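# Residue-level structure breakdown
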Amino acid sequence: MRQTLVGVAAGHALEEHENTGEVTLHLIRGRARVIAGSHTAELAPSDYVVIPLEWDSFEALEDTVVLLTATIRGTPD
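Residues numbered from 1 in each chain as written. Predicted model: local features only at pLDDT ≥ 70, side-chain atom pairs only at ≥ 80, totals over all residues. Heavy atoms only, no water.

## Observations concerning the overall build of the chain
Basically, it comes down to this: Secondary structure elements are taken from DSSP: a helix is a run of H or I of four residues or more, a strand is a run of E of two residues or more, and numbering for both begins at the N terminus. Summary of the burial criterion: residues with accessible area below 20% of their type's maximum are buried, those above 50% are exposed, and those between are partly exposed, where the area comes from a 1.4 Å probe applied to protein chains only. Residue contacts are counted whenever heavy atoms from the two residues lie within 4.5 Å of one another. Surface accessibility follows the Shrake-Rupley procedure with a 1.4 Å probe radius. Residue values consider only the protein chains on display as shielding.
Summing up its helical and strand segments, the chain has zero helices and eight strands in all. Tracing the chain from N to C terminus, the helices and strands come up as β-β-β-β-β-β-β-β. In the chain, which comprises 77 residues, the proportion classed as buried is 29%. Taking the contacts inside the chain whose residues are at least 6 apart along the sequence as the reference set, 71% of them involve residues at least 24 apart. Accessible surface, the chain: about 5100 Å² in total, of which carbon and sulfur atoms supply 51%.

Here you go:
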């Protein structure tokens, strides 16, 4: 398992990329939107969401800080 603290400025987005396992986002500060296909989730502080293997974007509606937790498939390096 890996955990990464990420800051995203208001108005910026993290575009789709390949997930290698289960990923969750826990919003620490700010407001954000996660879009996956036809599903949209708006997050406020303390909210968390499981990110599907195929997702479109994470958009910061305000300056945000998120804790990204990812499981790692296979043997760790």
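## Concerning the environment of His26
The topology assignment puts His26 in strand E3 (residues 23-29). Residue His26 is classed as partly exposed on the basis of its relative accessible area, which comes to 31%. His26 sits 23 residues away from Val49 along the chain, and the two C-alpha atoms are 6.7 Å apart. Those residues in contact with His26 that sit more than four places away from it in its chain are Ser46, Asp47, Tyr48, Val65, Val66 and Leu67.

## Observations regarding the pattern of salt bridges
So the rule is basically this: Throughout this description, the term salt bridge denotes a Lys or Arg side-chain nitrogen within 4 Å of a carboxyl oxygen of Asp or Glu.
Considering all chains together, one arrives at four salt bridges under this definition. The closest approach of N and O atoms between Glu42 and Arg31, which form a salt bridge, is 3.8 Å. Of the two residues, Glu42 is situated in strand E5 (residues 39-43) and Arg31 in the loop between E3 and strand E4 (32-36); the sequence distance between them amounts to 11 residues. What makes Arg31 partly exposed here is its relative accessible area of 35%. Here Arg31 and Glu62 are joined by a salt bridge, their closest N and O atoms 3.1 Å apart. Of the two residues, Arg31 is situated in the loop between E3 and E4 and Glu62 in the loop between strand E7 (57-60) and strand E8 (64-70); the sequence distance between them amounts to 31 residues. For Glu62, a relative accessible area of 35% translates into the label partly exposed. Each of Arg31, Arg33, Glu42, Glu59 and Glu62 takes part in one network of salt bridges that share partners.

## What about the sheet that holds E5?
Keep this limit in mind: Should DSSP find at least two bridges between two strands, the strands are taken to pair. Only the stretch in contact is used when a helix axis is fitted, and all axes are lines through C-alpha atoms; the angle between N-to-C directions ranges over 0 to 180 degrees.
Spatial ordering of the open sheet is given by E2-E7-E4-E5, a layout of four strands whose pairing is antiparallel. Unpaired on one side and paired on the other, strand E2 (13-15) and E5 mark the two borders of the sheet. Across this sheet, the average inter-strand angle for adjacent strands is 15°, counted without regard to direction. As judged from the three bridges shared by E2 and E7, these two strands associate in the antiparallel manner. Within E7, the residue paired with Leu14 across the bridge is Phe58.

Treat this as a map of the structure, not an account of what it does.
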